[in-house]
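Coordinates in review
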Amino acid sequence: MKRLALLVIAVSLGSLGCGGGDGGENPPVDSKAQEEVGVEDVAAGDIAAGDASTDTSTPTGSCPNLPNLTGKVYRVINIEATEPTDQVNEVWQNDIGTYDLVIIFNIKSHDQEADTAVIEVTSGIAEKEKDGDGWKLVSFQYALEPWVFDVTLDGCKFTWTVPIELNIQTPTVSKPFHIFGIKGSGQFTEDGKKILNTLLEGAIQKTESFDLCLMFTGLGIVNFHWFMNMASLCPTFDSDGDGTIDSYKFKGEIEAIDETSLFREGLTPIVSQVKECKVDDKECVE
């Protein structure tokens, strides 16, 4: 049961980006009962990420040739989660490759003398078109208001110590998937074209998951908290230090590439395809 549930959770978490299709109208999906399904009914997509491949070499030294990055806009091309589960990574990568999952880092200012920068981060929405068996990215823009934060640079490496928040939203979630209290670091390549080795550590509030529902093919609409409980993946983190476990710990790593030329100013909200979400607030049993 637990192995089955973990597989289903992987698909459900991956459904944060699945189902967007070509950006047009999608057929209605009926809410199904939360019942056990066979493994053969659950499968991740196999669409490759296409141009999302990256050079994973790590820049070294003082990074003397890093250009001024003001105005650069980066799109995340890889997410690898380790907590609360690593089962989501293959499906998330598929969703990034189909441009249903878009996360944006926008460098609003870069002071090279002070070694500081101001960055905006948020979820985006893509305009895309069919390209053979895959998709071609035409443009992208904000889907939610961005979180603005300051970073300090040491050569190519950047860090932030004041926690930030990230809302991940796609058409197949009932509301944004909210990660808070995020601290981390990352690294620009010396030519400024990529962001590598960006480590994120934050949390997902347990109560936020009570009414977070996900939609995916073959299962209909299910509750995230219900699925986590089904797999005995219980909250383990005390986010405010009051002695009460209140959150799922989140850890992950991301990479991004400079796609400034495809970024459009403005904000277009994502319309959720999840019309109803059954609340689940039962206690988790390990």
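Residues numbered from 1 in each chain as written. Predicted model: local features only at pLDDT ≥ 70, side-chain atom pairs only at ≥ 80, totals over all residues. Heavy atoms only, no water.

1. Notes on the overall build of the protein
In terms of helices and strands, the protein carries four helices and twelve strands. For the protein, buried positions account for 50% of its 286 residues. Surface accessibility of the protein: about 13,600 Å² in total, with carbon and sulfur atoms responsible for 49%. (Helix = DSSP H or I, 4+ residues; strand = E, 2+ residues; numbered from the N terminus. Buried < 20%, exposed > 50% of the residue type's maximum accessible area, 1.4 Å probe, protein only. Areas by Shrake-Rupley, 256 points an atom, 1.4 Å probe, with all protein chains shown as cover.)

2. Focus: the pattern of salt bridges
With the rule as written, the count across this model stands at seven salt bridges. The salt bridge partner of Asp258 is Lys72, with a shortest N-O separation of 3.2 Å. Taken as a pair, Asp258 in strand E11 (residues 247–258) and Lys72 in the loop between helix H1 (2–14) and strand E1 (73–83) lie far apart in primary sequence, 186 residues in all. For the salt bridge of Lys206 with Glu283, the shortest nitrogen-to-oxygen distance reads 4.0 Å. You can see Lys206 sitting in helix H3 (residues 206–209) and its partner Glu283 sitting in the segment after strand E12 (263–267), a full 77 residues away along the chain. The class of Lys206 is buried, set by a relative accessible area of 18%. (Salt bridge = Lys/Arg side-chain N within 4 Å of Asp/Glu carboxyl O.)

3. As for the pairing of strand E6 (residues 157–168)
In terms of strand pairing, strand E5 (residues 147–154) meets E6 through three bridges, oriented antiparallel. Of the residues in E6, the one forming a bridge with Thr152 is Thr159. Between E5 and E6, which pair antiparallel in sequence order, lie two residues; one of them, Gly155, sits at a positive phi of approximately 70°. Pairing of E6 with strand E7 (residues 177–188), which is carried by eight bridges, proceeds in the antiparallel orientation. Residue pairing across strands places Ile168 opposite Phe177, the latter belonging to E7. (Pairing = 2+ DSSP bridges.)

4. Section: the state of the cysteines
Going through the model one piece at a time under the given rule, you end up with three disulfides. Shown here is the disulfide that connects Cys213 with Cys277, its sulfur atoms set 2.0 Å apart. Classification of the bridge connecting Cys213 and Cys277 rests on its S-S torsion, roughly 75°, and on that basis the disulfide is right-handed. Separated by 64 residues along the polypeptide, Cys213 in strand E9 (residues 213–216) and Cys277 in the segment after E12 bring together distant segments of the chain. Since its relative accessible area comes to 23%, Cys277 is described here as partly exposed. For Cys234, the disulfide goes to Cys284, at an S-S distance of 2.0 Å. Disulfide Cys234-Cys284: the torsion about the S-S bond is -75°, which places it as left-handed. Here Cys234 is found in the loop between helix H4 (224–230) and E11, whereas its partner Cys284 is found in the segment after E12, with 50 residues between them in sequence. The exposure classification of Cys234 matches that of Cys284, with both residues buried. (Disulfide = S-S within 2.5 Å.)

5. A short note on the side chain of Asn229
Tracing the backbone through its elements, the reader meets Asn229 in helix H4. Look at Asn229 and you get buried, because its relative accessible area is 13%. Looking at Asn229, its side chain comes within polar contact range of the main-chain oxygen of Lys282, at 2.9 Å. Every residue in contact with Asn229, bar those within four places of it in the chain, is listed here: Tyr248, Asp280, Lys282, Glu283 and Cys284. (Polar contact = N/O pair within 3.5 Å; in protein donor to acceptor, adjacent residues only side chain to side chain. Contact = heavy atoms within 4.5 Å.)

6. Quick notes on the packing of aromatic side chains
The full count for this structure, using the stated rule, is nine aromatic pairs. Taken together, the ring pairs in this structure connect Tyr74, Phe149, Phe158, Trp160 and Phe188 into an aromatic cluster. Stacked on the ring of Trp135, the Lys or Arg Lys130 has its end atom at 4.6 Å from the ring centre. Across the ring face of Phe237, the terminal group of Lys249 is positioned such that the distance to the ring centre comes to 4.4 Å. (Phe/Tyr/Trp six-rings, centres within 6.5 Å; stacked < 30°, edge-to-face > 60°. Lys NZ or Arg CZ within 6 Å of the ring centre and 35° of its normal.)

7. A few points about a negative patch on the surface
On the surface, Asp111, Glu113, Asp115 and Asp154 cluster together into a negatively charged patch. Structurally, the position occupied by Asp111 is in strand E2 (residues 103–111). Note on Asp111: relative accessible area 38%, which makes it partly exposed. (Patch = residues over 30% accessible without salt bridge, like charges linked within 9 Å, V, L, I, M, F, W, Y side chains within 5 Å. Lys, Arg positive; Asp, Glu negative; His and termini not counted. Charge placed at Lys NZ, Arg CZ, Asp CG, Glu CD.)

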